[in-house]
Amino acid sequence: MDTKAKLKQVLVEELNLEDVTPDEIEDDEILFGEGLGLDSLDAVELVVVVQKHFGVEIKDMDEGRPALQSINTLAAFIEEKQG
Amino acid sequence: MHTQEQTSQRQEGSTPRSGANWNDRSLGKSWQHQFFYVAIRLGGRRLAYFFLYFIALYYVLCSRGARQRCSPYLRRRFPHAGRFHRLWYSYKLILNFGKVLIDRAVVGIMGPDAFHVTLYGREQLLALRDEGHGLIMMGAHVGCWQVAMSALDFMQCPVNMLMRREDGDVDRHYYEHAGIECPYRVIDPTEYLGGTLQMLGALKQGEVVCVMGDRMLGSDRSSVGVEFLGGSVELPYSAYKIAAATGAPVVVFFTRKDGPASYSLHVADVIRVPQVKGREAQTFAPYARRFSEALEQYSTEHPFQFFNFFDMWRT
C-alpha cells in the first residue's frame, strides 16, 4: 500500500471520520476547515498518528503548516522524512 | 459537587460561552487606565489604590452594567445573600480586580521587586519539568497570573502563553509598561489551527505552555459541560487532548493576593491524561471536572479573587 492510500485509511480509522471512506478522500482535498472539515484537535491527533504509523515527527508549526494541507503534501512530507 | 456532565462538541458559530463575551480586562475606559498609570508614577501603588476606592464605589453605585457583570458569579457563590450584601460583594470584587490591574501596572512601571511573590510547589514543578514532556500550566482568571509569571524564571526554560487581546482591550500588560520584550512567547488562538501545532511543538521541546482552563479562546469550540458552583458550565478540553498526545502533565495553578504587596502561586492539582484514541468530549470530562473542583475550592476560599465578570452558566 502506498503512502497516500495508507494515510487515507489511517485518517478514517484513527480520527473516527464518519460518512467518508478512504476512497472518497481526494489527494488534493484540503484537510482542515473547508474540504475534509478537520479542526485543531484533529490536527493534534493527526500529528500523533503520523508519528505512530509512519515514524515521522512533525516538530513545529514551520513543518506542520505546509505538510498538513492535503494528502498530497502530507504524503510528500512523510516520504521525504523517511528518506 | 454533582457529576453530571453535558457535552457540546464542535459547536459552530458564536456561543454565549465563547471568549468574545469575556471583557473583564476592559472594565474601565482607556483614559481611566491612563489616569492610574500616572498616579502610579507620581505616588506609587498606594496613591493609585486611594483613587481606586472611590472609583470602585462609583461603579457599584452608578453603573448598572458593572453590577450586572458581577451578578452571575456572586449569585452562584452567595446564593442566600440579600440585595445589600450583593452590592457590598460587588464592591469588593470590583475593588480587588482594580487592585490587580494596578499591581500589574506597578510591576511594569516600578519593576518586579515592587511585589514579593511566594511560590509553593517549586520542587514539584522542577521535577515535572525534568520529565521532559513539557509542562502545561493551566490557570484561571484568579489573582494576578502576570505577577506570578514573573516568578517562573527559575524554571529556566521558555514559557509560552496561549492568549489573545480582545478588541477593545485598553489595559496594558506589565512588560508593555516596562517597555521590555514580552518575557514569554505568545501563541494566538486565532492563528492557524488554533495554535495547537505551536503548543505541540513547544511541549515537544520540553517547554512550558500556559493556558486558561476557564475560558474558551479564539475559534476553539471543543468544550465539555461540568458542574461548577451548582450549575453547568462549559470548559475547554483541548489542553487535555494535547496533554494526552504529548504526555505533558497538566499543572493546575492559581495565584492569589496575600497582602498589599505580596502574591503567592500555588499548585492546586497535577492532572495526568493517558493516551486516548479519538476526541470525544466525554473522554476529557473527568479532567475538566478536576479543574472545576479546584477552581470551586479556590472561589470558596477566596471569593473576591475569582474575577468572573461573565455568565459562565448561561445556556
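**Q** Tell me about the pairing of strand E3 (residues 135-139) of chain B, and please be specific about residues and values.
**A** Residues and elements named next belong to chain B. Of all five residues that make up E3, five are buried, and the element is covered over most of its length. The side-chain alternation of E3 yields two buried faces, one formed by Leu135, Met137 and Gly139 and the other by Ile136 and Met138. As paired elements, E3 and strand E6 (residues 208-212) share five bridges and run parallel to each other. Pairing of Met138 across the sheet is with Val211, part of E6. Inspection of the sheet shows E3 paired to strand E9 (residues 250-259) by three bridges, in the parallel sense. Residue Met137 lies in a different strand from E9, and its bridge partner there is Val251.

**Q** Run through the interface of chain A and chain B, naming residues and quoting values.
**A** Across the contact, 23 residues belong to chain A and 20 residues belong to chain B. When chain A packs against chain B, the two sides together hide about 1,900 Å² of surface, and 63% of this comes from carbon and sulfur. When the buried surface of chain A facing chain B is broken down by residue, Leu41, Val44 and Met61 of chain A rank first, second and third, together holding 33% of it. At the boundary of chain A with chain B, the tally comes to two salt bridges. Across the chain A-chain B interface, the total number found is three residue pairs in polar contact (both at pLDDT 80 or more). Contributions of two or more residues to the side of chain A that touches chain B are made by helix H1 (3-14), helix H2 (40-54) and helix H3 (61-67) of chain A. Top element by residues in the side of chain A that touches chain B is H2 of chain A. It accounts for nine residues. Of the residues assigned to the side of chain A that touches chain B, the class counts are nine nonpolar, five polar and nine charged.

**Q** Quick one: what's the story with the pattern of salt bridges, residue by residue and with numbers?
**A** Per the stated rule, a full pass over the model turns up 13 salt bridges over all chains. Glu45 of chain A is the salt-bridge partner of Lys241 of chain B, the closest N and O atoms lying 2.1 Å from each other. In this pair, Lys241 of chain B is assigned in helix H8 (residues 238-246) and Glu45 of chain A in helix H2, connecting two distinct chains. The class for Glu45 of chain A is buried, based on a relative accessible area of 8%. In this structure, Lys257 of chain B engages Asp103 of chain B in a salt bridge whose closest nitrogen and oxygen atoms are separated by 2.7 Å. Pair noted here: Lys257 of chain B is in strand E9 and Asp103 of chain B is in helix H3 (residues 83-110), with a separation of 154 residues, a long-range link. There is no split in this pair, since Lys257 of chain B and Asp103 of chain B are both buried. Via salt bridges that share partners, Lys4, Lys8 and Asp27 of chain A belong to a single interconnected network.

**Q** Before we move on, can you summarise the environment of Ala243 of chain B with the specific residues and values?
**A** Residue and element names in this part refer to chain B. For Ala243, the location among the structural elements is in helix H8. Sequence separation of Ala243 and Gln68 is 175 residues, and the distance between their C-alpha atoms is 36 Å. Leave out the neighbours within four places in its chain, and Ala243 touches Ile136, Ala248, Val250 and Val273.

Cut-off values and rules
- Residues numbered from 1 in each chain as written.
- Chains lettered and ligands numbered in written order.
- Predicted model: local features only at pLDDT ≥ 70, side-chain atom pairs only at ≥ 80, totals over all residues.
- Heavy atoms only, no water.
- Buried < 20%, exposed > 50% of the residue type's maximum accessible area, 1.4 Å probe, protein only.
- Helix = DSSP H or I, 4+ residues; strand = E, 2+ residues; numbered from the N terminus.
- Pairing = 2+ DSSP bridges.
- Contact = heavy atoms within 4.5 Å.
- Buried area = accessible area lost by both parts, 1.4 Å probe.
- Salt bridge = Lys/Arg side-chain N within 4 Å of Asp/Glu carboxyl O.
- Polar contact = N/O pair within 3.5 Å; in protein donor to acceptor, adjacent residues only side chain to side chain.
- Nonpolar A, V, L, I, M, F, W, Y, C, P; charged D, E, K, R; others polar.

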